Structure formats: C-alpha cells, structure tokens
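In case you want the letters, here they are:
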Amino acid sequence: MRLKSVRLLSLFTAVLAVTIVAGAQEGHPLTGTWYGDFGITPAQRNDLTVVMKWDGAVTTGIVNPGPNAVPLKTARLDVKLGTPGRQAVAAQGGNPAQPAVPPTPSTFLVHFEVDAKNKAGGMDHFIFDGTIENPVAGNRTIVGTWMCGNTKGDFRLRRL
C-alpha cells in the first residue's frame, strides 16, 4: 500500500511541475508569434506575422520574419481594469434595496506601428490598434483596425 501511495504522490508532483512550467511560459500577453491577416475587405487580405517580446519594460518585435523582416517602430499594451460585480442586497430598515451589478472584464488594448517599403520604393507607415480576446487563454487573438495614410481596414491575429 505504501509503494502505491509513493507512486501516486510522484505522479501528482510530476503533473504539477509540468503544469507550472507550462503556465510560466505563457508570460506577457503580447510575447510570442502572432499570425493572421489584414485587409480592406473580407476578400482582399494580406498575410501578417508579428513576433513580439516584452523584456519587462518595453515590447519589441518584427513583422513578417525572414529576409524582408521589418522591425516594429513601437508596440504597447494598455490594460483597462474591469470592475468586480456585486450581489443584490435586500432592503433593510431605512436602507433601500440595491440591485445586483455584473462584473466587467478587463480590456487589453494593443497598439503597434511599423514602417514598410511600398512597391514604389518609398515607405508606408502602418498603425494597428486592437483588443486581445481571451488574454489569459492559450487561444488568444488580437482583433482590430489598421490604417496607412487614408487607407483603412481590419486585422485579426492569433497567437501560435
């Protein structure tokens, strides 16, 4: 019986260690490789890969890694904290009843900019603004809008 308990404890410890290590690798919500597309219409899309890393103070990265990689000019994550909910409170004595208030989740706003060569050989300045959906889950995405000069569209990235 004692050997079975030792094995069970060993298995539990190993599973716990793997879970902690896997969770620790998630890191900052922007860190990682993001892949998706951007475009003006649902039919007119361009592939987009963004690799970002947060060093504890600044987010850096590149767009479309490879021989034609372009560095991010700026990148940031702004977090607007949500509010806790409140249960309803019945009227008591001279105090009126208070209705329940649902909690509001935090919002993770992403902004990044990049300068890229255009087909004429000049530079185009792209600005991307989005929101992280599922910020604490493994299936997080960034969804938002982009603009370059007077051209505007939408984008969607998922973290690989």
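Everything numeric here is computed off the predicted structure, so don't read it as measured data. (Residues numbered from 1 in each chain as written. Predicted model: local features only at pLDDT ≥ 70, side-chain atom pairs only at ≥ 80, totals over all residues. Heavy atoms only, no water.)

Draft legend 1. Spotlight on the overall build of the protein. Each helix and strand counted, the protein has one helix and eight strands in total. Looking at the protein as a whole, 26% of its 160 residues qualify as buried. Here the analysis covers contacts within the protein between residues at least 6 apart in sequence; of these, 39% occur between residues at least 24 apart. As presented, the protein carries roughly 11000 Å² of accessible surface, and 60% of it is formed by carbon and sulfur atoms. (Helix = DSSP H or I, 4+ residues; strand = E, 2+ residues; numbered from the N terminus. Buried < 20%, exposed > 50% of the residue type's maximum accessible area, 1.4 Å probe, protein only. Contact = heavy atoms within 4.5 Å. Areas by Shrake-Rupley, 256 points an atom, 1.4 Å probe, with all protein chains shown as cover.)

Draft legend 2. Spatial organisation of the pattern of salt bridges. This model, assessed by the stated rule, comprises five salt bridges. Here Arg45 makes a salt bridge to Asp37, at a shortest N to O gap of 3.0 Å. With a relative accessible area of 26%, Asp37 lands in the partly exposed category. Assessed through its relative accessible area of 26%, Arg45 is described here as partly exposed. One salt-bridge network, held together by shared partners, links Asp37, Arg45 and Asp154. (Salt bridge = Lys/Arg side-chain N within 4 Å of Asp/Glu carboxyl O.)

Draft legend 3. Spotlight on the pairing of strand β4 (residues 70-80). Pairing geometry for strand β3 (residues 59-63) and β4, over two bridges, is antiparallel. Pairing of Ile62 across the sheet is with Pro71, part of β4. What sits between β3 and β4 in their antiparallel hairpin is a turn of six residues, with Asn64 showing a positive phi close to 50 degrees. When β4 meets strand β5 (residues 107-117), the two strands line up antiparallel, connected through eight bridges. Residue pairing in the sheet places Val79 in a bridge with Phe108 of β5. (Pairing = 2+ DSSP bridges.)

Draft legend 4. Looking closely at the sheet that holds strand β1 (residues 32-39). Read around the barrel, eight strands follow the order β1-β2-β3-β4-β5-β6-β7-β8 and close on themselves; strand pairing throughout is antiparallel. Geometrically, the sheet is characterised by an average inter-axis angle of 30 degrees between neighbouring strands, direction not taken into account. Where β1 and strand β8 (residues 151-159) come together, six bridges link them in antiparallel fashion. The residue of β8 that forms the bridge with Trp34 is Arg159. (Axes fitted to C-alpha atoms, helices over the stretch in contact; angles between N-to-C directions.)

Draft legend 5. Representation of the packing of aromatic side chains in the model. The full count for this structure, using the stated rule, is eight aromatic pairs. Ring plane angle 20 degrees and centroid distance 6.3 Å describe the contact between Phe126 and Phe128, whose orientation is recorded as stacked. You'll find Phe126 and Phe128 in the same group, each marked buried. A connected cluster of aromatic rings, assembled from ring pairs, spans Phe38, Phe112, Phe126, Phe128, Trp146 and Phe155. (Phe/Tyr/Trp six-rings, centres within 6.5 Å; stacked < 30°, edge-to-face > 60°.)

Draft legend 6. Main features of the environment of Asn68. Assignment of secondary structure puts Asn68 in the loop between β3 and β4. Residues Asn68 and Ala116 lie 48 residues apart in sequence; the distance between their C-alpha atoms is 9.5 Å.

Draft legend 7. Structural context of the nonpolar core. Val50, Met52, Phe112, Phe126, Phe128, Ile142 and Leu157 are the most contacted members of the largest nonpolar core, which has 24 residues in total. Tallying contributions element by element places β5 first for this core, with five residues. In this structure Ile142 touches Leu30, Trp34, Met52, Val110, Gly130, Thr131, Ile132, Phe155, Arg156 and Leu157, once residues within four positions along its chain are discounted. (Core = buried A, V, L, I, M, F, W, Y, C linked by side-chain atoms within 4.5 Å.)

That is the geometry; function is a separate question.
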